[in-house]
Amino acid sequence: MSAPAVVPRATSRLRRSFQALFRRIPATVSFVVLVGVVGVAIAAPAIAPHDPYAQNLDRRLTPPVWAGGTREHLLGTDQLGRDVLSRLIFGTRISLLVGVTAVSVAGVTGVAAGVAAGFYGGLVDEVLMRLADLRLALPFVLLVIAVIAVFGPSLFNVIVVLSLTGWVLYARVIRAEVLAIREREFILAARAMGATDGRLMLRHILPNTIASAIVIASLELANMILVESFLSFLGLGVQPPVPSWGNMLGEGRDYLMTHSWLATLPGLAISVTSVSINLLGDWLRDVLDPRLVV
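Overview of the structure. These numbers come from a predicted model, not from an experiment.

## Some details on the layout of surface pockets
Thought 1: Quantified by volume, the largest pocket comes out at close to 350 Å³.
Thought 2: Leu34, Leu221, Ile277, Leu280 and Leu284 are, among the 16 residues lining the largest pocket, the residues nearest its centre.
Thought 3: Looking at the lining of the largest pocket, the elements that each hand over two or more residues are α2 (25-42), α4 (84-120), α10 (210-233) and α12 (261-288).
Thought 4: Here the lining of the largest pocket takes five residues from α12, the largest share from any one element.
Thought 5: Looking at side-chain class alone, the lining of the largest pocket contains 13 nonpolar, three polar and no charged residues.

## Quick look at the pattern of salt bridges
Thought 1: Going through the model one piece at a time under the given rule, you end up with nine salt bridges.
Thought 2: Across the pair Arg59 and Glu72 runs a salt bridge whose closest N-O atoms are separated by 2.3 Å. Pair noted here: Arg59 is in the loop between α3 (44-47) and α4 and Glu72 is in the loop between α3 and α4, with a separation of 13 residues, a long-range link.
Thought 3: Its relative accessible area of 34% is what places Arg59 among the partly exposed residues.
Thought 4: A salt bridge links Arg172 to Asp133, with the shortest nitrogen-to-oxygen separation between them at 2.2 Å. One end of the pair, Arg172, is in helix α7 (residues 155-181); the other, Asp133, is in helix α5 (residues 122-137), with 39 residues separating them in the sequence.
Thought 5: Using a relative accessible area of 34% as the deciding quantity, one classes Arg172 as partly exposed.
Thought 6: By relative accessible area, Asp133 is classed as partly exposed at 27%.
Thought 7: Via salt bridges that share partners, Asp78, Arg82, Arg87 and Glu251 belong to a single interconnected network.

## Section: the nonpolar core
Thought 1: One finds Leu162, Trp167 and Tyr170 to be the most contacted residues of the largest nonpolar core, which totals 51 residues.
Thought 2: Apart from the residues lying within four places of it in its own chain, the contact partners of Trp167 are Ala106, Thr109, Gly110, Ala113, Leu128, Leu131 and Ala132.
Thought 3: By size, the runner-up hydrophobic cluster in this structure holds 11 residues, among which are Val84, Met248, Trp261 and Ala269.

## Structural notes on the packing of helix α6 (residues 140-151) against α7
Thought 1: At a minimum axis distance of 10 Å, the contact between α6 and α7 shows a crossing angle of 145 degrees. Of the two possible hands of crossing, α6 and α7 adopt the one that is right-handed. The residues of α7 that touch α6, namely those facing Phe140, Leu143, Val144, Val147, Ile148 and Phe151, are Asn157, Val161, Leu162 and Thr165.
Thought 2: When the residues that make up the contact of α6 with α7 are grouped by side-chain class, the tally is eight nonpolar, two polar and no charged.

Procedures and definitions
- Residues numbered from 1 in each chain as written.
- Predicted model: local features only at pLDDT ≥ 70, side-chain atom pairs only at ≥ 80, totals over all residues.
- Heavy atoms only, no water.
- 1 Å grid on protein atoms, 1.4 Å probe; cavity = no way out; pocket = protein on both sides within 12 Å on 5 of 7 lines; lining within 4 Å.
- Points joined across faces, edges and corners; volume = space filled by probe spheres on them.
- Helix = DSSP H or I, 4+ residues; strand = E, 2+ residues; numbered from the N terminus.
- Nonpolar A, V, L, I, M, F, W, Y, C, P; charged D, E, K, R; others polar.
- Salt bridge = Lys/Arg side-chain N within 4 Å of Asp/Glu carboxyl O.
- Buried < 20%, exposed > 50% of the residue type's maximum accessible area, 1.4 Å probe, protein only.
- Core = buried A, V, L, I, M, F, W, Y, C linked by side-chain atoms within 4.5 Å.
- Contact = heavy atoms within 4.5 Å.
- Axes fitted to C-alpha atoms, helices over the stretch in contact; angles between N-to-C directions.
- Left-handed = near helix turned anticlockwise from the far one by under 90°.

Geometric values such as these leave the question of function open.
Below, the structure written as C-alpha coordinates:
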(Lines give C-alpha, C1' and ligand atoms only; values in the text may rest on other atoms or scores of the structure.)
Protein backbone atom coordinates (compact mmCIF):
# COMPACT_ATOMS: atom_id res chain seq x y z
CA MET A 1 0.00 0.00 0.00
CA SER A 2 1.51 3.29 -1.11
CA ALA A 3 2.04 6.08 1.34
CA PRO A 4 -0.30 9.09 1.03
CA ALA A 5 1.08 12.05 -0.83
CA VAL A 6 2.42 14.79 1.37
CA VAL A 7 1.40 18.33 0.40
CA PRO A 8 4.35 20.71 0.79
CA ARG A 9 3.84 23.32 3.49
CA ALA A 10 4.32 26.24 1.07
CA THR A 11 1.74 24.80 -1.33
CA SER A 12 -0.71 24.24 1.49
CA ARG A 13 -0.28 27.79 2.75
CA LEU A 14 -0.69 29.19 -0.76
CA ARG A 15 -3.94 27.27 -1.13
CA ARG A 16 -5.20 28.56 2.21
CA SER A 17 -4.21 32.09 1.24
CA PHE A 18 -6.26 32.01 -1.95
CA GLN A 19 -9.17 30.46 -0.09
CA ALA A 20 -8.98 33.37 2.34
CA LEU A 21 -8.82 35.76 -0.60
CA PHE A 22 -12.08 34.52 -2.05
CA ARG A 23 -13.76 34.73 1.35
CA ARG A 24 -13.02 38.47 1.47
CA ILE A 25 -15.32 40.17 -1.00
CA PRO A 26 -13.40 43.48 -1.34
CA ALA A 27 -10.12 41.62 -1.92
CA THR A 28 -11.78 39.26 -4.39
CA VAL A 29 -13.30 42.11 -6.39
CA SER A 30 -9.97 43.97 -6.34
CA PHE A 31 -8.12 40.87 -7.50
CA VAL A 32 -10.54 40.38 -10.41
CA VAL A 33 -10.30 44.07 -11.35
CA LEU A 34 -6.49 44.08 -11.34
CA VAL A 35 -6.29 40.84 -13.31
CA GLY A 36 -8.58 42.48 -15.83
CA VAL A 37 -6.47 45.65 -15.93
CA VAL A 38 -3.26 43.67 -16.46
CA GLY A 39 -4.97 41.54 -19.11
CA VAL A 40 -6.19 44.64 -20.92
CA ALA A 41 -2.69 46.13 -20.86
CA ILE A 42 -1.12 42.96 -22.27
CA ALA A 43 -3.74 42.39 -24.95
CA ALA A 44 -4.27 46.06 -25.85
CA PRO A 45 -3.41 45.76 -29.58
CA ALA A 46 -5.74 42.77 -29.96
CA ILE A 47 -8.78 44.11 -28.10
CA ALA A 48 -8.71 47.83 -28.93
CA PRO A 49 -11.45 48.42 -31.52
CA HIS A 50 -9.61 51.30 -33.23
CA ASP A 51 -6.18 52.82 -33.64
CA PRO A 52 -5.77 55.08 -30.58
CA TYR A 53 -3.90 57.62 -32.69
CA ALA A 54 -6.30 57.72 -35.66
CA GLN A 55 -8.12 61.04 -36.01
CA ASN A 56 -11.49 61.60 -37.65
CA LEU A 57 -12.69 65.19 -37.33
CA ASP A 58 -16.02 64.30 -38.92
CA ARG A 59 -16.81 62.24 -35.81
CA ARG A 60 -15.28 64.46 -33.15
CA LEU A 61 -16.99 64.54 -29.75
CA THR A 62 -19.30 61.64 -30.55
CA PRO A 63 -21.11 60.74 -27.28
CA PRO A 64 -20.93 57.30 -25.67
CA VAL A 65 -23.42 54.68 -26.76
CA TRP A 66 -25.64 55.19 -23.68
CA ALA A 67 -25.88 58.93 -24.45
CA GLY A 68 -27.00 58.53 -28.04
CA GLY A 69 -23.73 57.48 -29.65
CA THR A 70 -23.04 54.55 -31.95
CA ARG A 71 -21.76 51.05 -31.30
CA GLU A 72 -18.74 51.80 -33.44
CA HIS A 73 -17.47 54.07 -30.66
CA LEU A 74 -18.86 52.61 -27.44
CA LEU A 75 -17.31 55.27 -25.20
CA GLY A 76 -17.47 58.07 -27.76
CA THR A 77 -14.68 60.07 -29.35
CA ASP A 78 -12.54 63.00 -28.20
CA GLN A 79 -12.02 66.46 -29.64
CA LEU A 80 -9.93 65.04 -32.50
CA GLY A 81 -12.27 62.18 -33.28
CA ARG A 82 -10.08 59.52 -31.65
CA ASP A 83 -11.82 56.53 -30.08
CA VAL A 84 -11.95 57.00 -26.29
CA LEU A 85 -12.20 53.28 -25.51
CA SER A 86 -9.09 52.49 -27.54
CA ARG A 87 -7.14 55.28 -25.87
CA LEU A 88 -8.24 54.10 -22.41
CA ILE A 89 -7.08 50.58 -23.24
CA PHE A 90 -3.65 51.72 -24.42
CA GLY A 91 -3.45 54.19 -21.54
CA THR A 92 -3.59 51.22 -19.19
CA ARG A 93 -0.17 50.18 -20.46
CA ILE A 94 1.37 53.56 -19.63
CA SER A 95 -0.07 53.72 -16.13
CA LEU A 96 1.03 50.19 -15.24
CA LEU A 97 4.46 50.65 -16.83
CA VAL A 98 5.13 53.81 -14.86
CA GLY A 99 3.69 52.46 -11.61
CA VAL A 100 5.32 49.02 -11.63
CA THR A 101 8.72 50.25 -12.84
CA ALA A 102 8.92 53.16 -10.41
CA VAL A 103 7.76 51.04 -7.46
CA SER A 104 10.19 48.25 -8.34
CA VAL A 105 13.20 50.56 -8.59
CA ALA A 106 12.28 52.62 -5.54
CA GLY A 107 11.34 49.52 -3.54
CA VAL A 108 14.54 47.61 -4.19
CA THR A 109 16.66 50.70 -3.54
CA GLY A 110 14.76 51.72 -0.43
CA VAL A 111 14.63 48.25 1.13
CA ALA A 112 18.34 47.70 0.50
CA ALA A 113 19.16 51.09 2.02
CA GLY A 114 16.90 50.47 5.02
CA VAL A 115 18.31 47.01 5.74
CA ALA A 116 21.90 48.25 5.44
CA ALA A 117 21.28 51.33 7.59
CA GLY A 118 19.49 49.41 10.30
CA PHE A 119 21.87 46.44 10.37
CA TYR A 120 25.22 48.22 10.27
CA GLY A 121 24.30 51.49 11.97
CA GLY A 122 27.10 53.97 12.53
CA LEU A 123 28.52 55.69 9.46
CA VAL A 124 26.41 53.66 7.01
CA ASP A 125 23.23 54.63 8.82
CA GLU A 126 24.29 58.25 9.07
CA VAL A 127 25.11 58.61 5.37
CA LEU A 128 21.99 56.86 4.11
CA MET A 129 19.63 58.69 6.44
CA ARG A 130 21.18 62.06 5.63
CA LEU A 131 20.64 61.31 1.95
CA ALA A 132 17.03 60.55 2.83
CA ASP A 133 16.77 63.85 4.70
CA LEU A 134 18.25 65.63 1.68
CA ARG A 135 15.61 64.10 -0.56
CA LEU A 136 12.85 65.12 1.85
CA ALA A 137 14.24 68.65 1.96
CA LEU A 138 13.64 69.03 -1.78
CA PRO A 139 10.01 69.87 -2.57
CA PHE A 140 8.54 67.25 -4.87
CA VAL A 141 7.14 69.73 -7.39
CA LEU A 142 10.46 71.61 -7.54
CA LEU A 143 12.36 68.39 -8.14
CA VAL A 144 9.98 67.38 -10.92
CA ILE A 145 10.19 70.76 -12.62
CA ALA A 146 14.00 70.73 -12.37
CA VAL A 147 14.29 67.30 -13.98
CA ILE A 148 11.77 68.12 -16.70
CA ALA A 149 13.48 71.46 -17.40
CA VAL A 150 16.84 69.75 -17.90
CA PHE A 151 15.81 66.59 -19.73
CA GLY A 152 12.40 67.48 -21.12
CA PRO A 153 9.03 65.81 -20.51
CA SER A 154 8.93 62.15 -21.45
CA LEU A 155 7.83 58.76 -20.18
CA PHE A 156 11.39 57.79 -19.22
CA ASN A 157 11.94 60.99 -17.25
CA VAL A 158 8.69 60.50 -15.36
CA ILE A 159 9.82 57.03 -14.29
CA VAL A 160 13.23 58.37 -13.23
CA VAL A 161 11.70 61.16 -11.15
CA LEU A 162 9.24 58.86 -9.39
CA SER A 163 11.95 56.28 -8.70
CA LEU A 164 14.27 58.91 -7.21
CA THR A 165 11.57 60.31 -4.96
CA GLY A 166 10.00 57.05 -3.81
CA TRP A 167 12.82 55.15 -2.08
CA VAL A 168 12.90 57.22 1.12
CA LEU A 169 9.65 55.86 2.57
CA TYR A 170 10.85 52.27 2.19
CA ALA A 171 14.24 53.08 3.69
CA ARG A 172 12.89 54.77 6.80
CA VAL A 173 10.26 52.16 7.61
CA ILE A 174 12.53 49.17 6.93
CA ARG A 175 15.36 50.72 8.91
CA ALA A 176 13.11 51.09 11.95
CA GLU A 177 12.07 47.43 11.72
CA VAL A 178 15.63 46.20 11.25
CA LEU A 179 16.79 48.11 14.35
CA ALA A 180 14.35 46.02 16.37
CA ILE A 181 14.85 42.72 14.55
CA ARG A 182 18.65 42.69 14.78
CA GLU A 183 18.43 42.42 18.59
CA ARG A 184 16.05 39.45 18.55
CA GLU A 185 17.15 36.10 19.96
CA PHE A 186 17.12 34.23 16.65
CA ILE A 187 19.49 36.80 15.13
CA LEU A 188 21.87 36.52 18.07
CA ALA A 189 21.69 32.74 17.83
CA ALA A 190 22.43 32.76 14.10
CA ARG A 191 25.37 35.10 14.66
CA ALA A 192 26.71 32.82 17.41
CA MET A 193 26.53 29.90 14.96
CA GLY A 194 28.80 31.78 12.57
CA ALA A 195 26.30 33.28 10.12
CA THR A 196 27.83 36.02 7.98
CA ASP A 197 26.38 39.52 7.73
CA GLY A 198 25.08 38.77 4.25
CA ARG A 199 23.31 35.61 5.38
CA LEU A 200 21.83 37.37 8.41
CA MET A 201 20.41 40.13 6.25
CA LEU A 202 19.14 37.97 3.39
CA ARG A 203 17.90 34.88 5.24
CA HIS A 204 16.81 36.21 8.64
CA ILE A 205 16.18 39.95 8.54
CA LEU A 206 14.87 40.63 5.04
CA PRO A 207 12.00 38.06 5.20
CA ASN A 208 10.75 39.72 8.37
CA THR A 209 10.49 43.08 6.59
CA ILE A 210 8.68 41.79 3.49
CA ALA A 211 5.21 42.47 4.91
CA SER A 212 5.98 46.13 5.51
CA ALA A 213 7.61 46.47 2.09
CA ILE A 214 4.57 44.90 0.42
CA VAL A 215 2.18 47.24 2.20
CA ILE A 216 4.27 50.26 1.23
CA ALA A 217 4.58 49.03 -2.35
CA SER A 218 0.82 48.56 -2.67
CA LEU A 219 0.21 52.09 -1.44
CA GLU A 220 3.02 53.49 -3.55
CA LEU A 221 1.86 51.70 -6.71
CA ALA A 222 -1.49 53.43 -6.47
CA ASN A 223 0.30 56.67 -5.60
CA MET A 224 2.65 56.39 -8.59
CA ILE A 225 -0.30 55.93 -10.93
CA LEU A 226 -1.91 59.02 -9.43
CA VAL A 227 1.30 61.07 -9.65
CA GLU A 228 1.88 60.04 -13.28
CA SER A 229 -1.67 61.12 -14.04
CA PHE A 230 -1.06 64.40 -12.22
CA LEU A 231 2.13 65.10 -14.15
CA SER A 232 0.57 64.20 -17.48
CA PHE A 233 -2.45 66.32 -16.59
CA LEU A 234 -0.12 69.31 -16.15
CA GLY A 235 1.78 68.52 -19.34
CA LEU A 236 4.94 67.47 -17.48
CA GLY A 237 4.59 63.75 -18.02
CA VAL A 238 3.68 61.55 -20.97
CA GLN A 239 3.29 63.76 -24.01
CA PRO A 240 0.47 63.64 -26.58
CA PRO A 241 -0.41 61.90 -28.77
CA VAL A 242 0.70 58.94 -26.59
CA PRO A 243 -2.46 57.93 -24.69
CA SER A 244 -2.27 57.95 -20.91
CA TRP A 245 -5.03 58.37 -18.39
CA GLY A 246 -3.46 61.58 -17.12
CA ASN A 247 -3.21 63.44 -20.42
CA MET A 248 -6.67 62.18 -21.40
CA LEU A 249 -7.94 63.75 -18.20
CA GLY A 250 -6.08 66.95 -19.01
CA GLU A 251 -7.44 67.11 -22.54
CA GLY A 252 -10.97 66.52 -21.29
CA ARG A 253 -11.01 69.28 -18.65
CA ASP A 254 -11.89 71.93 -21.25
CA TYR A 255 -14.99 69.93 -22.18
CA LEU A 256 -16.07 68.96 -18.67
CA MET A 257 -19.34 70.90 -18.74
CA THR A 258 -20.39 69.87 -22.24
CA HIS A 259 -18.76 66.50 -22.91
CA SER A 260 -18.10 65.14 -19.43
CA TRP A 261 -17.16 61.62 -20.51
CA LEU A 262 -13.79 62.85 -21.82
CA ALA A 263 -12.61 63.53 -18.25
CA THR A 264 -14.92 61.23 -16.30
CA LEU A 265 -13.90 57.95 -17.95
CA PRO A 266 -10.11 58.25 -17.44
CA GLY A 267 -10.73 59.62 -13.95
CA LEU A 268 -12.87 56.60 -13.17
CA ALA A 269 -10.19 54.26 -14.50
CA ILE A 270 -7.58 55.90 -12.26
CA SER A 271 -9.83 55.73 -9.18
CA VAL A 272 -10.95 52.12 -9.62
CA THR A 273 -7.41 50.90 -10.26
CA SER A 274 -5.96 52.78 -7.28
CA VAL A 275 -8.62 51.56 -4.85
CA SER A 276 -8.26 47.97 -6.08
CA ILE A 277 -4.50 48.07 -5.56
CA ASN A 278 -4.90 49.34 -1.99
CA LEU A 279 -7.50 46.72 -1.07
CA LEU A 280 -5.45 43.89 -2.53
CA GLY A 281 -2.40 45.21 -0.69
CA ASP A 282 -4.14 44.56 2.63
CA TRP A 283 -4.63 40.93 1.65
CA LEU A 284 -1.02 40.59 0.51
CA ARG A 285 0.13 41.93 3.86
CA ASP A 286 -1.70 39.15 5.67
CA VAL A 287 -0.41 36.49 3.26
CA LEU A 288 3.24 37.49 3.24
CA ASP A 289 3.75 38.46 6.87
CA PRO A 290 6.13 35.78 8.24
CA ARG A 291 4.75 36.34 11.76
CA LEU A 292 1.38 34.99 10.57
CA VAL A 293 2.83 31.70 9.34
CA VAL A 294 1.55 28.76 11.34
